[in-house]
Amino acid sequence: MHKQCTSYLNSRGILSEAQSGFRGGRSTGTCLVEFLDKIYRGVDGGCVCGAVFLDLAKAFDTVDHTILVEKMSKLGFRYSVTCWFTSYLSGRTQQTCVENRLSSPKEVNCGVPQGSILGPLLFILYINDLPLQCRETIPFLYADDTAIIATGSNPGEVSQKLQADLESLYVWFCSNKLSVNCLKTHSMLFTSNRSKFRNDKMELTLAGINIVQSDEVKYLGLYLDPHLNFDLHVKRVCQKLNVRTKLLWRVRGFITKDLALTLYRSLIEPHLIYCNFILEGVSQTNLKKLQVQQNCALRAVKRVDCYYPTELLFADLNLDNVKTMMMKSTCKMAYKCFYNLCPAVLNDMLILYVNDRELRSNEDLNAVVLRCRTQWAERNFAYRAVIYWNLIPIDLKQSPSLESFKQNIKKYDGFNIYMVT
């Protein structure tokens, strides 16, 4: 049933482009790239950007079954299909066990089944019309994680746009029986470091409650700050890596080198590679902090002291340093964009160089470098992805599949000159 519904929705383009959750070819990474691209381009164009991060309270558990079935009918699902889903959702009960005493069964008349493959699909269908309420802002959804962005010449204009759509969204939430936790909903004003508006505040309300403007917001696993320096994110990652490295040192004397390397790949490396194609433009100071943490972890794997040469450390374990991993991940995402394996917005973000004349840039499959007015905007994925894509050889770019590209880029050592010790 899930396969048939997904095929129907994709063939007719029913699902909103703003939704990135539980959809093929999309991830938190693609959502964050698009989200940050809007901010970088807006600020680079001389504007300021404001965002509101909405916190939905128990969104999956408060889906109204009647409203859901009505929405499916409006989306073109046949009567027999909606009847099947009505039967699938009805007749469910739940019980609570406290101190070995079981309560009497209670019927569940709202919420999508947790743990089933249909649950997430039903939820994104339920909120599929949410982006239509945003007329002044750009919405971004990953399942129930919702954010809206507005761009303007000054914070006052941005506040007006955000406030207008917040009021529309609140009406939509009420009519669809979803509740927003206003105390956990935050806003953020994005500016460059030198902007005259960098200390301004936005006055926003939702349901009569003031929305707190924060200097740090965790969105889809990434800690954001008003200037997108990612200082806070790097700090949080280093704290996690420090704890895990100490644990690795503690058990290292009782396990083999291979097992220690497995623990490194499962406990430490995921924090270094998560959305690292977005962090590729961080400062050298932050890059060095991450590199120090990786070096410490690998020394625990090798069981050597701090005087052991870093170059030998990576050569012995056949691993890439932090900078190289970032560059290779950026190229992988660029490959997806160029070969239409990402959402249409990301595919259009990177453009191959095309010219009627026979030029070397045509043969090398080089891409057009994004023009940035400020150095601040050069942190954008759309800029840095092209820089690194143009550096790799033509045979890599012409890999027949994503899997072959991943294997080839893994062996590619042209980025190893960018070593941060």
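For the structure, see preceding data.
Residues numbered from 1 in each chain as written. Predicted model: local features only at pLDDT ≥ 70, side-chain atom pairs only at ≥ 80, totals over all residues. Heavy atoms only, no water.

Asks: I tried to follow the sheet that holds strand β1 (residues 48-54) on my own but got confused; where do I start?
Replies: In a beta sheet, neighbouring strands are held together by backbone hydrogen bonds and run either parallel or antiparallel to one another. Taken together, the five strands give an open sheet; going across it, the order is β7-β8-β1-β10-β13, and neighbouring strands pair in mixed fashion. The open sheet is flanked by β7 (138-142) and β13 (212-213), the only strands paired with a single partner. The pairing of β1 with strand β10 (residues 186-190) spans five bridges and is antiparallel. Bridge assignment links Phe53 to a residue of β10, and that residue is His186. Across the sheet, helix α2 (residues 28-44) is in contact with β1, β7, β8 (145-152) and β10; its angle to β7 comes to roughly 160°. Docked against the sheet, helix α6 (residues 155-175) engages β1, β8 and β10, running at close to 145° with respect to β8. (Pairing = 2+ DSSP bridges. Helix = DSSP H or I, 4+ residues; strand = E, 2+ residues; numbered from the N terminus. Contact = heavy atoms within 4.5 Å. Axes fitted to C-alpha atoms, helices over the stretch in contact; angles between N-to-C directions.)

Asks: When you look at the nonpolar core in this model, what are you seeing that I'm missing?
Replies: Nonpolar side chains in soluble globular proteins tend to end up buried together. Formed by 79 residues in total, the largest nonpolar core has its most connected members in Phe35, Leu36, Ile39, Phe53, Tyr219, Leu224 and Phe230. If you tally residues by element for this core, the top one is helix α11 (residues 322-338), at 10 residues. When near neighbours in sequence (up to four residues on either side) are disregarded, Tyr219 contacts Cys31, Leu32, Phe35, Phe53, Phe140, Ala147 and Leu224. In terms of nonpolar packing, the next biggest core, distinct from the first, is built from 51 residues, Tyr8, Ala18, Phe60 and Trp172 among them. (Core = buried A, V, L, I, M, F, W, Y, C linked by side-chain atoms within 4.5 Å. Buried < 20%, exposed > 50% of the residue type's maximum accessible area, 1.4 Å probe, protein only.)

Asks: Would you mind showing me how to read the pattern of salt bridges here?
Replies: Pairing is possible between side chains of opposite charge, provided their charged atoms come close. One pass over the structure, following the stated rule, counts 11 salt bridges. For Asp37, the salt bridge is made with Arg41, and the minimal N-O distance between the two is 2.8 Å. Taken together, the residues Asp37 and Arg41, both in helix α2 and four residues apart, mark about one turn of the helix. A relative accessible area of 36% places Arg41 in the partly exposed class. In this structure, the salt-bridge partner of Lys71 is Asp129, at a minimum N-O distance of 3.1 Å. Pair noted here: Lys71 is in helix α3 (residues 65-74) and Asp129 is in the loop between α5 (118-126) and β7, with a separation of 58 residues, a long-range link. What makes Lys71 buried here is its relative accessible area of 12%. (Salt bridge = Lys/Arg side-chain N within 4 Å of Asp/Glu carboxyl O.)

Asks: Looking at this model, I keep getting lost on the packing of aromatic side chains. Mind explaining?
Replies: Within a pair of aromatic rings, the relevant descriptors are the distance that separates the centres and the angle that separates the planes. According to the stated counting rule, one finds 19 aromatic pairs in the structure shown. Considering the side-chain rings of Trp84 and Tyr88, the 5.5 Å spacing of their centres and the 10° angle between planes classify their relative orientation as stacked. Highlighted residues: Trp84 and Tyr88, both in helix α4 (residues 79-89), separated by four residues, approximately one helical turn. Classification of Trp84 by relative accessible area gives partly exposed; the value is 38%. Taken together, the aromatic side chains of Tyr335, Phe338, Tyr339, Trp389 and Phe405 make up a single cluster linked through ring pairs. In this structure, Arg236 is placed above the aromatic ring of Tyr223, and the distance from its NZ or CZ to the ring centre is 5.4 Å. (Phe/Tyr/Trp six-rings, centres within 6.5 Å; stacked < 30°, edge-to-face > 60°. Lys NZ or Arg CZ within 6 Å of the ring centre and 35° of its normal.)

Asks: I tried to follow the environment of Lys38 on my own but got confused; where do I start?
Replies: One can find Lys38 in helix α2. Assessed through its relative accessible area of 31%, Lys38 is described here as partly exposed. Sequence separation between Lys38 and Met326 is 288 residues, and the spatial gap between their C-alpha atoms is 21 Å. Leave out the neighbours within four places in its chain, and Lys38 touches Cys49, Ile138, Phe140 and Ile149.

Asks: What's the story with the pairing of β7 in this structure? I'm lost.
Replies: The side chains of a regular strand alternate, first on one face of the sheet and then on the other. Most of β7 sits inside the fold, with four of its five residues counted as buried. Sheet topology places β7 next to β8; five bridges connect them, and they run antiparallel. Among the inter-strand pairings, Phe140 is bridged to a residue of β8, identified as Ala147. In this structure, the hairpin formed by β7 and β8 is closed by a connection of two residues, where Ala143 is found at a positive phi of approximately 60°.

Asks: I would appreciate a short explanation of a nonpolar patch on the surface in the present structure.
Replies: On the surface, Ile351, Tyr353 and Val368 cluster together into a nonpolar patch covering about 250 Å² of accessible area. Relative to the assigned elements, Val368 resides in the loop between α13 (360-363) and α14 (381-389). Exposure remark for Val368: the relative accessible area of 40% places this residue in the partly exposed category. (Patch = residues over 30% accessible without salt bridge, like charges linked within 9 Å, V, L, I, M, F, W, Y side chains within 5 Å. Areas by Shrake-Rupley, 256 points an atom, 1.4 Å probe, with all protein chains shown as cover.)

Asks: Would you take a moment to explain α2 for this structure?
Replies: Count 3.6 residues to each turn of an α-helix, and residues three or four apart come out pointing the same way. With 17 residues, α2 extends 24 Å between its outermost C-alpha atoms, agreeing within 8% with the 24 Å of an ideal straight helix rising 1.5 Å per residue. For α2, the buried fraction is high: 15 of the 17 residues fall into the buried class. One side-chain oxygen of the residue at the start of α2 lies 3.2 Å from the amide nitrogen of Gly29, identifying that residue as Ser27. One or two residues past the end of α2 sits Gly46, with phi positive at roughly 95°. (Expected span 1.5 Å × (residues − 1). Polar contact = N/O pair within 3.5 Å; in protein donor to acceptor, adjacent residues only side chain to side chain.)

Asks: Can you help me understand helix α8 (residues 257-273) in this one?
Replies: Most pronounced at Arg265, the bend in α8 amounts to some 40°. In this structure, the buried residues of α8 make contact with α7 (231-252), α9 (284-302) and α11. Directly after α8, the chain includes Cys275, whose backbone phi takes a positive value near 50°. (Bend = angle between axes of the 7 residues up to and from the residue.)

Asks: What is the right way to read the pairing of β1 from this model?
Replies: Counting buried positions over the seven residues of β1 gives seven, a clear majority of the element. Burial along β1 is two-sided: Val48, Gly50, Val52 and Leu54 facing one way and Cys49, Ala51 and Phe53 facing the other are all buried. Two elements, β1 and β8, share seven bridges in a ladder whose sense is antiparallel. Bridge pairing in β8 links Cys49 to Thr151.

Limitation: the analysis is restricted to geometry and does not speak to function.
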